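Take a look at the letters that make up each chain.
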Amino acid sequence: MKIENIPLPLQNKKLRSYTPPSKLSKDGRQSLKRRLHEVIDPTLNNFPNSIKRTKLILHYNNGETFDLYWPKGDVDRDGKKVSWSTTSRNIHCSFDDLSTGSRTILRKVLRVKDRSNLSDSWYHEMHMILPEALPPIGHIKKERSAQNDFMQISTINEARNGNGVSRNVRSVIMSVLALPENKKLKENILTSGKVIMRFSGDGRRVTKITCSGVMGTLKLLSENAEDIGMSPMEEHCIYLYEGDESYDYQQKCAINIYEQLKEVSENGIVFDNTNVDVEWYITADWKFTAIILGLSGPCSQYFCAWCECPKERKSDFSVLKWTPRTQERSSLYMGSMGYKKKTLVTADWDNVLVDVLHLFLRVMGKLLNQVVSWTVQQRVQEQLVAEMRRIGVTFRFYSVQGVGCNTSVLKWSDLDGEELKVVLKNLDLTNVLQDMADKSVTQIDALRKPQLIVQLQKHSINTDKLSVAQMKVKLKELIGNSMVSRSETQQTPRVRLSVARLVKLWKEFDSIMEQINSSSDETLETKCRQWAMQFRVVTFDEDVTPYIHALVYHVPQQLIKVRHLKHFCCQGVEKKNHLQNKRYHQGTQKGGRGTLWTKQVMQYENRDMYARLNDYDRTKRHWLSHSNQEEPVYRQIFDENEDL
């Protein structure tokens, strides 16, 4: 209360003439407190018994404040030990005695701490500096422990070092449907009687040598594209284990989850007293998709996860349609046609979709590497770097010394998805390249791994244990120079490189990707087929990747089926993978002291779901310009017993 509001007996000359606290020493402030209590205590002692503790804030003319507590010390009127909070909303009592309002504040503080990846040590030090402004770390730990058990976390003992966990699929789905941001979707689900879910998974290298992990997620989808986000918060982790993403590991560690997916698909769920069917889609990178479907990989004889196209006809786009894969054909041709093992996930093969994110990354990566190769061949690396700088992309060439030899290997920067989009739209190839009379003759440094393998196999060299850098060094040693011809690896040699046709090829690919990310079109299949044929003419047959095959034969059909293929992509999965990897390094004990880092990451997933269900995130205020406002006067906080 302000000093002018103090009852009349306290309005004495001595009280009003005190020196501001900032000009007093520590002993001076203690003396000030004693004299204030002599004046104030007689009045406060007459307060009703229902008032257990009082805090007075004395305001000085210079803007300073001074806090005074009654009764003295850290006890209330009944002698119970407490500590006042400067927020006037919480008394730091025991965790079990916290009021509803105090517990809400505590949970919001924990939410901020979790999302900011703040360590317990950091938070404790901040609490010691501002003990009356922040809840103690003991309360934070108890609340965190309670939220960790919000959903049951089961241990996967079959994982490497027993380091694996999972959550019940049905429980996760019910929690996702209950999220406040899905309120509009819930109405559509109850009306249609169907909920659409997408399962995805991804492996990652957590540390350089010792640790790798595999994650499985699910995402709630809608037929209305406006209701679907692509944030990693839309991806909900259902299993996480330490190990690789091979078939055998997934069969040991994730088979229980895959059986739950099947059970939910067959029996549906009960939501708001309504029986709701669950329709599953699967989208992942090519490797993960092939593994869970029991298929051969993208480099095998029958490489495709959606049809039975053989490898030698991968670049033959004259075929109108290949035989599609089905569960029936998987059982009938097990052991051949690319059907290696029994599928881990039981799903309609038509609901297994191509990930357009990885499609763009692989195809655009191939187009850029071709340009870089020709740049090295024409010795115009500086022009390419300058053109990249003009469009705002950081790109450089650098040399790496070969292992155990004096030969150096030329390398260049790898670009992420956003940078590749900028390059596709803005890079002016005419400022970098010139037409070439023979595009097949190139430098060894410009070759990628598939071309290096072909060249070394001509010399009967086993490449299984060689890195790309070692292959380049080996090839240079074998042929005695830095130039090599790729023409012998093509069925029909096409020699000349036309920059104008290459520019057109890039622009048409950009147009195709925009069409894929917007809506379906009956002309898309024809457009993709014509582009792929032109790709063979402008570049090389051997550069036709599995994703180019999928672009022609599967993406247009799938886009007609789901209308918005972009929202099924793995952009959120890749980002969540990155965030979980970051949390491993910044928010877990990395397996120390007998802990399971996968469990600690999954416990954060529980806390995240709990906070979102109860709306503990701060609502951001609208930005207002402060240019015309006076500079704020910040309150100086004085500790009751010591200087700050």
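Details of the structure are given in the entry above.
Residues numbered from 1 in each chain as written. Predicted model: local features only at pLDDT ≥ 70, side-chain atom pairs only at ≥ 80, totals over all residues. Heavy atoms only, no water.

**Q** Explain the overall build of the chain to me, please; I cannot follow it from the model alone.
**A** A tally of helices and strands in the chain yields 22 helices and 14 strands. For the chain, with 644 residues in total, the buried portion stands at 49%. Sequence-distant contacts in the chain: of pairs separated by 6 or more residues, those separated by 24 or more amount to 68%. As displayed, the chain offers around 32,800 Å² of accessible surface, 48% of which is attributable to carbon and sulfur atoms. (Helix = DSSP H or I, 4+ residues; strand = E, 2+ residues; numbered from the N terminus. Buried < 20%, exposed > 50% of the residue type's maximum accessible area, 1.4 Å probe, protein only. Contact = heavy atoms within 4.5 Å. Areas by Shrake-Rupley, 256 points an atom, 1.4 Å probe, with all protein chains shown as cover.)

**Q** Would you explain the environment of R529 in this entry?
**A** In this fold, R529 is placed in helix α18 (residues 524-538). Judged by its relative accessible area of 13%, R529 falls in the buried class. Sequence separation between R529 and I548 is 19 residues, and the spatial gap between their C-alpha atoms is 9.4 Å. Those residues in contact with R529, other than ones at most four positions away along the chain, are F317, V319, L320, V552 and Y553.

**Q** What is the right way to read the state of the cysteines from this model?
**A** Linking two cysteines covalently via their sulfur atoms produces the bond known as a disulfide. The full count for this structure, using the stated rule, is 0 disulfides. Free of any disulfide, C570 has its nearest cysteine sulfur in C569, 6.6 Å distant. Residue classification places C570 among the buried positions, given a relative accessible area of 1%. (Disulfide = S-S within 2.5 Å.)

**Q** Please explain the packing of helix α12 (residues 356-378) against helix α13 (residues 381-390) as it appears in this structure.
**A** Helix packing geometry: the angle between the two helix axes and the distance between the axes. In the contact formed by α12 and α13, the axes pass within 8 Å of each other and the chain directions differ by 140°. Taken as axis vectors, α12 and α13 run oblique relative to one another. Side by side, α12 and α13 meet where L368, V372, T375 and V376 of the first sit next to Q381, L384 and M388 of the second. Split into classes, the residues belonging to the contact of α12 with α13 amount to 5 nonpolar, 2 polar and no charged. (Axes fitted to C-alpha atoms, helices over the stretch in contact; angles between N-to-C directions. Parallel < 35°, antiparallel > 145°, perpendicular 65-115°, else oblique. Nonpolar A, V, L, I, M, F, W, Y, C, P; charged D, E, K, R; others polar.)

**Q** In this structure, what is going on with the packing of aromatic side chains? I would like to understand it.
**A** Any two aromatic rings considered together are summarised by their centre-to-centre distance and by the angle between their planes. Per the counting criterion, the structure on display carries 21 aromatic pairs. Taken together, a centroid distance of 5.5 Å and an interplanar angle of 75° make the contact between F150 and Y610 edge-to-face. Placement of the pair is F150 in the loop between α5 (137-148) and β3 (153-155) and Y610 in helix α22 (residues 597-613), with a sequence separation of 460 residues. Summarising the aromatic geometry, the rings of F360 and F509 are spaced 6.2 Å apart at their centres and angled 5° between planes, so their arrangement reads as stacked. Of this pair, F360 sits in helix α12 while F509 sits in helix α17 (residues 499-518), placing them 149 residues apart in sequence. Chaining the aromatic ring pairs together yields one cluster made of F199, Y239, Y241, Y249, Y258 and F288. (Phe/Tyr/Trp six-rings, centres within 6.5 Å; stacked < 30°, edge-to-face > 60°.)

**Q** In this structure, what is going on with unusual backbone geometry? I would like to understand it.
**A** Across the chain, the bulk of peptide bonds are trans and the bulk of non-glycine residues have phi less than zero. For the bond from W70 to P71, the omega torsion is -5°, close enough to zero to count as cis. The residue P71 is located in the loop between β2 (65-70) and α3 (100-115) in this model. Positive phi outside glycine occurs at N117, with the angle close to 55°. Note that N117 resides in the loop between α3 and α4 (120-129). For R379, which is not a glycine, the phi torsion comes out positive at approximately 55°. Tracing the chain through its elements places R379 in the loop between α12 and α13. R379 gets classed as exposed once you look at its relative accessible area, which sits at 61%.

**Q** Just to check I follow, could you spell out the pattern of salt bridges for this structure?
**A** Per the stated rule, a full pass over the model turns up 24 salt bridges. For K194, the salt bridge identified is with E279, shortest N-O distance 3.2 Å. Here K194 is found in strand β5 (residues 194-205), whereas its partner E279 is found in strand β9 (residues 274-283), with 85 residues between them in sequence. One salt-bridge network, held together by shared partners, links R111, R115, E181, D608, R612 and D617. (Salt bridge = Lys/Arg side-chain N within 4 Å of Asp/Glu carboxyl O.)

**Q** Explanation requested: the nonpolar core in the structure shown.
**A** Soluble, globular proteins show a tendency: their nonpolar side chains are buried together. Grouped together as the largest cluster of nonpolar side chains are 125 residues, with contacts concentrated most on W506 and W531. Top element by residues in this core is α12. It accounts for 11 residues. If we ignore the near neighbours within four places in the chain, the residues touching W531 are V363, L367, L505, E508, F509, I512, I548 and L551. Formed by 13 residues, the second largest nonpolar core is a distinct cluster that contains L240, Y584, V601 and M602. (Core = buried A, V, L, I, M, F, W, Y, C linked by side-chain atoms within 4.5 Å.)

**Q** Sorry, what's going on with the pairing of strand β7 (residues 236-242) here?
**A** Within β7, 7 of the 7 residues are buried, which leaves it mostly tucked inside the rest of the structure. Pairing of strand β4 (residues 164-167) with β7, which is carried by 3 bridges, proceeds in the antiparallel orientation. For S166, the partnering residue across the bridge sits in β7 and is Y239. (Pairing = 2+ DSSP bridges.)

**Q** Which parts of the structure should I look at to understand the packing of α12 against helix α14 (residues 417-426)?
**A** At a minimum axis distance of 10 Å, the contact between α12 and α14 shows a crossing angle of 55°. Considered as vectors, α12 and α14 are oriented oblique to each other. Judged by the twist between their axes, the crossing of α12 over α14 is left-handed. Residue-level inspection shows F360, L361, M364 and L368 of α12 in contact with α14, the latter providing G417, L420, K421, V423 and L424. For the contact of α12 with α14, a count of residues per class yields 7 nonpolar, 1 polar and 1 charged. (Left-handed = near helix turned anticlockwise from the far one by under 90°.)

**Q** Would you mind going over α12 with me for this structure?
**A** Note that an α-helix has 3.6 residues per turn; residues three or four places apart therefore point the same way. An ideal rise of 1.5 Å per residue puts 33 Å on 23 residues; α12 measures up with 33 Å between its terminal C-alpha atoms. Two residues or fewer past α12, R379 is found with a positive phi of approximately 55°. (Expected span 1.5 Å × (residues − 1).)

**Q** What is the right way to read the pairing of β4 from this model?
**A** Successive side chains on a regular strand alternate, one facing one side of the sheet and the next facing the other. A two-sided burial pattern is seen for β4, the buried positions comprising G164 and S166 on one face and V165 and R167 on the other. In terms of strand pairing, β3 meets β4 through 3 bridges, oriented antiparallel. Directly across from S154, in β4, lies its bridge partner S166.

**Q** Can you walk me through the environment of D608 in this structure?
**A** On the secondary structure map, D608 appears in helix α22. Sequence separation between D608 and N148 is 460 residues, and the spatial gap between their C-alpha atoms is 9.6 Å.

**Q** Got a minute to help me understand helix α6 (residues 169-177) in this structure?
**A** Those residues of α6 not exposed but buried are V169, V172, I173, S175, V176 and L177. N-capping of α6 is provided by N168, with a side-chain oxygen placed 3.0 Å from the backbone N of R170. (Polar contact = N/O pair within 3.5 Å; in protein donor to acceptor, adjacent residues only side chain to side chain.)

**Q** Can you walk me through the side chain of E308 in this structure?
**A** Summarising the element assignment, E308 is placed in the loop between α10 (286-292) and α11 (327-332). On the basis of relative accessibility, which here comes to 6%, the residue E308 falls in the buried class. A polar atom in the side chain of E308 sits 2.7 Å from the side chain of R329. Those residues within four positions of E308 in sequence are excluded, and the remaining contacts are Y302, T323, P324, R325, R329, M337 and Y339.

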